[in-house]
Amino acid sequence: MTAEINFEDFKPRVDAIEEAFQQKWERFRYFVLEPDRPEFAEGLNSFGPEGISLLEKAKSALTQAKEFQTEMLGRKSRLSALRKEIRNVAAADRGVAGQAMTRLELQMSQPLEIVETHLNHFIGTILTRQEALDVTLPGWRPRRGHLHPITLVRERIEDIFVSLGYAIEDGREIETDFYNFTALNIPDNHPARASQDTFYTSDGFALRSQTSTVQIHAMQRRGAPLRMIAPGRVFRRDTPDPTHNPMFFQVEGLCVDRGITMAHLKGTVAEFLRRMFGAQTVTRFRPSYFPFTEPSAEFDFSCFKCGGSGCRICKNSGWIELGGSGMVHPNVLRGAGVDPEEFSGFAFGLGIDRMVALMYGLDDIRLLFENDVRFLRQFD
Amino acid sequence: MLISYNWLRELTGTVLTPLELRERLTMVGLAIDAIDELEGDSILDVEVPSNRPDCLSHIGIAREVSVIEKSKLQIPTSKVTKTEGRAADHAQVEIHAPDLCPRYAARIVRGVKIAPSPDWLVKRLAEIGQRAINNVADITNYVLHELGQPLHAFDLARLTDHQIVVRRARAGEKLQTLDDVERKLDPDVLVIADATRPVALAGIMGGLESEISQTTTDVLVESAYFNPDSVRGTARKLGMDTEASRRFERGADCANVLQAQTRCVELICEIAGGVATDDAIDIYPQPLPARSVEFRPARVESLTSLRVEPGEMQRILAALGFVETPSASPTVREGSQAAGASTFVVPSWRSDVGLEEDLIEEIARHAGFDKIDSELPPSNMAGEYQPVEIKRRDLRRALRSLGFDEAINFSFIDNAHDEQFALLPGLTTVSESAAERLVTLQNPILDEATRMRPTLLPGLLQAVRHNLNYGTRDISLFELGRVFATFKQGELPVEREALALVATGGALTEGRVQAEREFDFFQLKGALEAAVDAMGLGPLTFSSAAIAHLRPGQSAAIFLDDETPLGSIGRLSESLAQPYKFRQPVYLAEIDLSSLLESRGRPLQYAPLPRYPAVVRDVTLLVGRDVTFAELKQAIAAAEIADYAGVVLVGVYEGSNIPEAKRSVTFRVEYRAPERTLRDEEVEERQRKLIDLLLRKFAAELH
Ligand SMILES: [Zn+2]
């Protein structure tokens, strides 16, 4: 049985541990402060040579703080050893001795925990700052291409007419005289037939000057009733200038059925233009002349830019001329094998290039076929 | 056509303002381009449709105005007060070409005094853009603009033997016209001649020698009707476009010949003095027949949906000059009797009217197109896209997402490209000359562009050049369009749709200047394959081939399903890159899209998912450079190794540590058994078998 010791003898040993703690604690005391205080960073200076980063010093401080904690509070610490000896303290003093030890333990462990928390926080802040992205840098986005504005407008026109019950048709671009002129009731002496206006191949075939040629083929093939549009490339001998090209794109529509009237023509063109240019669009029909329709009408629509009050686009008239139309000429129906006493029909045509120029504010349509990517890349 | 508002008011008594007239005339089919406000008058610029020559005059426009306003047209009265003698006593007229000149009338005014026109006449002509010359010439011009009938005044003294002969020119004849140009004539040209020589181009322009001058005292006033085709043909051939030719070539009013002449002679006597002959020499051997049109009023509504009162229909037609006649011998069409059919005689000035539909149009435009309802036709049909149109849309969108911009070029190209490019397979027969093989334009508009393009490639290369010139270095373009070739002389040419791609520079990333990587053969090949795949078509196969416009060793023929030749792909040859001054590689592909679109798409069919995992093994072989990936792949697939499930390329290496004539190819082979997981040693055994086979077949080594 070992001899009992009293508190008088025990206390110096407690005090010695505290003294040892206080000596080393001196280096860590800054870290009890909030990490954003300047003293906190200054306190790190003793944790590494000048020139190494604050992050390295903070990591080193954290390591040393943990070692310090182990040294003072771990299983092999003097405090731990002392705790084992408490049973040798005389029973009467044992309570006091226990309290002193507990107090010392808290006195050491609490600040060290704060220090560790603060150092971890400090390190975390630096790391976050280092890893932060500039989220405004460009995304990894492969450059996409762009469809030609003529394609975009043509497809939009097609979509509208398919939804109105029309089929899309296409035909040859080099045609016989019959399909390009005769079947369209264009007389032999009509100026459009002259080589001034129409391209001819050395074999005497015509480059189609309108896609109405497709209508004749379609009527012959499908018969009446019939609803179709024919978008496509057409050719006229115009010298290129800001408003002309020797090649352009056109869409022609045809509706043949029993009881078709000009009211249906007006309704169809008006509906198309409303869908194309907005619900507020007003359409106007004016009498005109085309060999393949009778009666014939040109249609204008209210200027989408100024709404009719007059501007540069509509040349101050409030109206934009867009295309030609009319009731299919009986000679055309008969020529395509449709009886004009039983069926009637309307036809209309408009330039896709002109629509493109209007919709996108293009002032020189030669750009359409120059294929300058600075132009093409402005479209969808 | 410039129309004076004051003049119009004299003829109609219109109460409409010029602005109101603009609106009203536009809505009956006579669009007014502009109104020029002059001091005391307004000038309307009327856009006259090509079928309405009658509206190339104030009286014609006035007639439309009188219908609009329900007012009475005041036709200028013509009465020559002082006459003496017969025209035939002073001149002779013969028509030798009645087919080209159905009617010719000549009247003489003697003792005129040629002087400047009075102010009112000068002013009136000036307002409608006409320059005053002298009183007689100005009067003919005035009547032309008033009544629409072109007239010409000859100095009678200058006509040899006072003779007028209307005939075809003789080969070698010449005529100095009023514009001081010497015209070479030929028998296609109708001339007015005197006893010895041509003195005017019929219906187009007079001659300088017989023109009215200060010394003229006796005038022969010509009023005639010339064949429109003849006048048009001559005017076009000689590059002339005159006030007279413009009217004759669209069709003048044959019945108005004398009336206009009388008006002209009246004014000459009044303004220039002189005495007119009592009559005119009027040669009109075969009067043009009057046309009549049968009309069923009910058809107005059935064609236009307009309901017009019968009385209003009558009024419009009558005011326009149509005369209703009791159908004496009614050749009435079936069912038309019930509709109250009647027959209208067409006025001589309306050469455009010949059908019932024409009368319907007359009524509809004066009743007002704006009165016609607007409604969609009854919906009884389903819209449809052609299946190929849907595929084209897929194709375009796939190429767009692959970074290609869509180009559109003219369909005609320079014949300098004739021999430069390999054309689509089967487009032409190669044995003939370019001129026979390709489609040539008779009348190109751009001098150099004489061929209908047999390939899209020259256009795309030109576009690359254009963009390089403007500082764009990274370019990828595609185009869809027809290509053309002669099938057989005299038959319609072949038209096929082609797809072409061109790429140079690098594949860009949006917002960064540096290209992700430079374009090469495999990038273009991959883009083409991806685009074809997006249509649900293909697969394409490629085999090394010599292609005219492509660099040897970097060019391939493209096939569909290993058999149908479709086109070519590769790097542009050095000899073609030079003229374009390309200093960076340019890659091109062109395929026959028509054939591809006609091919059957891949059927979409679900396959059950494998129940057991696959095992993969890599193998690297050192093979000769002439052994292709396709051959190796084909051999592996054909090796019939048990549980073989597929092979993919890992990589190809050539270079420093590889013998020069060799390349190292690494594959990953996949094995899978349908009913169990393969054991390692089973896989090893299969892989060894495969490798042995490849080593033997290709004289390869393991690497
Ligand atoms: Zn506007």
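All values reported here derive from a predicted model rather than from experimental measurement. (Residues numbered from 1 in each chain as written. Chains lettered and ligands numbered in written order. Predicted model: local features only at pLDDT ≥ 70, side-chain atom pairs only at ≥ 80, totals over all residues. Heavy atoms only, no water.)

Visitor: Please explain the overall build of chain B as it appears in this structure.
Guide: Counting secondary structure elements, chain B contains 19 helices and 34 strands. Taking 2.2 N^0.38 as the reference for a compact globule, 703 residues should give roughly 27 Å; the C-alpha atoms of chain B span a radius of gyration of 40 Å, well beyond that estimate. For the C-alpha atoms alone, the extent of chain B along its principal axes is close to 130 × 60 × 50 Å. Classification of the 703 residues of chain B by burial places 54% in the buried group. The long-range share in chain B, meaning contacts at least 24 apart out of those at least 6 apart in sequence, stands at 70%. Element-wise, carbon and sulfur atoms account for 50% of the exposed surface of chain B, whose accessible area totals about 32,000 Å². (Helix = DSSP H or I, 4+ residues; strand = E, 2+ residues; numbered from the N terminus. Rg over C-alpha atoms; globule rule 2.2 N^0.38 Å. Buried < 20%, exposed > 50% of the residue type's maximum accessible area, 1.4 Å probe, protein only. Contact = heavy atoms within 4.5 Å. Areas by Shrake-Rupley, 256 points an atom, 1.4 Å probe, with all protein chains shown as cover.)

Visitor: I tried to follow the packing of aromatic side chains on my own but got confused; where do I start?
Guide: For any pair of aromatic rings, the description rests on two quantities: the centre-to-centre distance and the angle between the ring planes. Residue and element names in this part refer to chain A. Scanning the entire structure with this criterion turns up 33 aromatic pairs over all chains. Taking 6.2 Å as the distance between ring centres and 15 degrees as the angle between the ring planes, the aromatic pair formed by F290 and F292 counts as stacked. Of the residues examined, F292 reaches a relative accessible area of 21% and is grouped as partly exposed. Aromatic ring contacts, followed pair by pair, group F21, W25, F28, F31, F40, F47, F68 and F122 into a single cluster. The cationic tip of R27 hangs over the ring face of F47; the distance from NZ or CZ to the ring centre is 4.1 Å. (Phe/Tyr/Trp six-rings, centres within 6.5 Å; stacked < 30°, edge-to-face > 60°. Lys NZ or Arg CZ within 6 Å of the ring centre and 35° of its normal.)

Visitor: Please clarify how the nonpolar core should be interpreted in this entry.
Guide: Grouped burial of nonpolar side chains is what soluble globular proteins tend to show. Judged by nonpolar contacts, the single largest core of 144 residues is most densely connected at I157(A), F412(B), L499(B) and L528(B). Ranked by residue count, the leading element in this core is helix 9 (residues 262-277) of chain A, at eight residues. Discounting chain neighbours no more than four positions away, the residues touching L528(B) are L499(B), L501(B), L540(B), F542(B), I558(B), I569(B), A589(B) and I591(B). Among the nonpolar cores identified, the runner-up in size contains 49 residues, and V65(B), L73(B), L125(B) and C269(B) belong to it. (Core = buried A, V, L, I, M, F, W, Y, C linked by side-chain atoms within 4.5 Å.)

Visitor: Got a minute to help me understand the coordination of the zinc ion in this structure?
Guide: Four donors placed tetrahedrally around a metal ideally meet at 109.5 degrees, and six donors placed octahedrally ideally meet at 90 or 180 degrees. Around the zinc ion, the protein contributes the donor atoms C303(A) (SG), C306(A) (SG), C311(A) (SG) and C314(A) (SG), which lie 2.2 to 2.4 Å from the metal centre. One can describe the donor arrangement at the zinc ion as tetrahedral, given that its four donor atoms subtend angles of 103 to 115 degrees at the metal. (Donors = N, O, S within 2.8 Å, 3.2 Å for Na, K, Ca; no water. Tetrahedral: all angles 85-135°; square planar, octahedral: opposite > 155°, others 65-115°.)

Visitor: Hey, could you run me through the side chain of S555(B) in this one?
Guide: Residue and element names in this part refer to chain B. Relative to the elements of secondary structure, S555 occurs in strand 28 (residues 550-560). Polar side-chain contacts of S555 include one of 2.5 Å to the backbone oxygen of A545. Apart from residues lying up to four places away in sequence, S555 is in contact with S544, A545, A546, I547, L550, I569 and G570. (Polar contact = N/O pair within 3.5 Å; in protein donor to acceptor, adjacent residues only side chain to side chain.)

Visitor: Help me understand unusual backbone geometry, please; the structure alone is not making it clear to me.
Guide: Trans peptide bonds make up the majority, and among non-glycine residues the majority have a negative phi. Between A224(A) and the following residue, P225(A), the backbone shows a cis peptide bond with an omega angle of -5 degrees. As for its position among the elements, P225(A) is in the loop between helix 8 (212-222) and strand 4 (226-235). Each neighbour pair has its own omega, and for E294(A) with P295(A) the value is -10 degrees, a cis peptide bond. Mapped onto the fold, P295(A) is located in strand 7 (residues 293-302). Phi is positive for N185(A), which is not a glycine, with a value near 65 degrees. By the element assignment, N185(A) lies in the loop between helix 7 (177-180) and strand 3 (206-207). Of note, E640(B) is a non-glycine position whose phi angle comes to about 55 degrees, a positive value. Take E640(B): its relative accessible area is 69%, and that puts it in the exposed class.

Visitor: Just to check I follow, could you spell out the sheet that holds strand 16 (residues 292-295) of chain B for this structure?
Guide: Hydrogen bonds along the backbone pair up the strands of a sheet, which may run parallel or antiparallel. Residues and elements named next belong to chain B. An order of 16-18-17 is seen for the three strands of this open sheet, with the pairing classed as antiparallel. Sheet topology places strand 16 and strand 17 (323-325) at the edges, where each strand pairs with a single neighbour. Across this sheet, the average inter-strand angle for adjacent strands is 35 degrees, counted without regard to direction. Both strand 16 and strand 18 (residues 342-345) contribute to a ladder of four bridges, which runs antiparallel. Following the sheet pairing, F295 is matched in strand 18 by S342. Along the sheet face, helix 11 (residues 356-367) touches strand 16 and strand 18 and points at about 75 degrees away from the line of strand 16. (Pairing = 2+ DSSP bridges. Axes fitted to C-alpha atoms, helices over the stretch in contact; angles between N-to-C directions.)

Visitor: In this structure, what is going on with the sheet that holds strand 10 (residues 190-193) of chain B? I would like to understand it.
Guide: Residue and element names in this part refer to chain B. As summarised here, the arrangement of the five strands in space is 4-7-10-11-12, forming an open sheet in which the pairing is mixed. This sheet does not close on itself; its edge strands, each paired only once, are strand 4 (92-95) and strand 12 (205-206). Inspection of the sheet shows strand 11 (residues 198-201) paired to strand 12 by two bridges, in the antiparallel sense. Among the inter-strand pairings, L201 is bridged to a residue of strand 12, identified as M205.

Visitor: Any chance you could explain the domain arrangement of chain A here in plain terms?
Guide: One frequently used descriptor of interface size is the decrease in accessible area upon assembly of the parts. For chain A, the domain assignment lists domain 1 (7-131) and domain 2 (149-379). Placing the centre of domain 1 of chain A and that of domain 2 of chain A at their C-alpha centroids yields a distance of 90 Å. (Domains from an automatic or database assignment.)

Visitor: Honestly, helix 10 (residues 310-319) of chain B in this entry has me stumped. Any pointers?
Guide: Working note: α-helix, 3.6 residues per turn, so residues spaced by three or four point in the same direction. All names here are of chain B. Within helix 10, burial applies to M313, I316 and L317. Down the axis of helix 10, the buried set is contained in an arc of 95 degrees. They therefore lie on one face. Looking one or two residues beyond helix 10, the residue adopting positive phi is G321, at roughly 105 degrees. (Arc of directions from axis to C-beta.)

Visitor: For this particular structure, what's the right way to read the interface of chain B and chain A?
Guide: If you look at the interface, chain B gives 97 residues, while chain A gives 99 residues. Summed over both partners, the interface of chain B with chain A comes to about 8,300 Å²; 54% of that surface belongs to carbon and sulfur atoms. On the chain B side of the interface with chain A, the three residues burying the most area are R400(B), I408(B) and E510(B), jointly 9% of the side's total. Taken together, chain B and chain A are joined by 13 salt bridges. Two residues, R393(B) and D159(A), come together in a salt bridge whose shortest N-O distance is 2.9 Å. Where chain B packs against chain A, one counts 52 residue pairs in polar contact (both at pLDDT 80 or more). (Buried area = accessible area lost by both parts, 1.4 Å probe. Salt bridge = Lys/Arg side-chain N within 4 Å of Asp/Glu carboxyl O.)

Visitor: Just to check I follow, could you spell out the pattern of salt bridges for this structure?
Guide: It is possible for side chains bearing opposite charge to pair when their charged atoms get close. All names here are of chain B. Scanning the entire structure with this criterion turns up 91 salt bridges over all chains. A salt bridge links E356 to R296; the nearest nitrogen and oxygen atoms lie 2.7 Å apart. Of this pair, E356 sits in helix 11 while R296 is found in the loop between strand 16 and helix 9 (298-304), placing the two residues 60 residues apart along the sequence. Residue E356 is classed as buried on the basis of its relative accessible area, which comes to 2%. On the accessibility criterion, R296 (5% relative accessible area) is buried. Two residues, R299 and E357, come together in a salt bridge whose shortest N-O distance is 2.9 Å. Within this pair, whereas R299 is found in helix 9, its partner E357 is found in helix 11, the two being separated by 58 residues in sequence.

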